[in-house]
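Here is what each chain is made of, one letter per residue.
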Amino acid sequence: MKLSERMDELEARLTFQEDTIAQLNDVITRQDADIRRLLLHMRELSQKYSAISGVLPGGTRSSDDKPPHY
């Protein structure tokens, strides 16, 4: 194999690898945004749950409260 053919092959591989890396970076960027959005949503739901858990029947009781069967 001639040197110019080897160089062409290496350039083609490099181009393919650069394209693959760019695609993977796009996927990771989207996943990071999704994870951040889901974490924010989870925090909001947790805060809402905490706010209403004491108001609803059967809500969270403190450790000093007697269970309903006493």
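Going by the structure above, here's the rest.
A short tour of the structure in this document, coming up. All values derive from a computational prediction rather than experimental measurement.

**As for the overall build of the chain**
Stage number 1. A tally of helices and strands in the chain yields one helix and zero strands.
Stage number 2. About 6,900 Å² of surface is accessible on the chain, with carbon and sulfur atoms providing 58% of the total.

**Considerations on the pattern of salt bridges**
Stage number 1. The final tally for this structure, using the stated rule, is three salt bridges.
Stage number 2. Its salt-bridge partner being Asp-32, residue Arg-36 comes within 2.9 Å of it at the nearest N-O pair. Separated by four residues within a single helix, Arg-36 and Asp-32 lie in helix 1 (residues 3–53), roughly one turn from each other.
Stage number 3. Classification of Asp-32 by relative accessible area gives partly exposed; the value is 36%.

**Examining a nonpolar patch on the surface**
Stage number 1. Taken together, Leu-3, Met-7 and Leu-10 make up a surface patch of nonpolar side chains, about 320 Å² in accessible area.
Stage number 2. Within the element layout of this structure, Leu-3 appears in helix 1.
Stage number 3. Since its relative accessible area comes to 61%, Leu-3 is described here as exposed.

**Some words on the side chain of Ser-53**
Stage number 1. Relative to the assigned elements, Ser-53 resides in helix 1.
Stage number 2. Ser-53 sits in the buried class, given a relative accessible area of 11%.
Stage number 3. Polar side-chain contacts of Ser-53 include one of 3.3 Å to the backbone oxygen of Ser-50.

Reading guide: rules and limits
- Residues numbered from 1 in each chain as written.
- Predicted model: local features only at pLDDT ≥ 70, side-chain atom pairs only at ≥ 80, totals over all residues.
- Heavy atoms only, no water.
- Helix = DSSP H or I, 4+ residues; strand = E, 2+ residues; numbered from the N terminus.
- Areas by Shrake-Rupley, 256 points an atom, 1.4 Å probe, with all protein chains shown as cover.
- Salt bridge = Lys/Arg side-chain N within 4 Å of Asp/Glu carboxyl O.
- Buried < 20%, exposed > 50% of the residue type's maximum accessible area, 1.4 Å probe, protein only.
- Patch = residues over 30% accessible without salt bridge, like charges linked within 9 Å, V, L, I, M, F, W, Y side chains within 5 Å.
- Polar contact = N/O pair within 3.5 Å; in protein donor to acceptor, adjacent residues only side chain to side chain.

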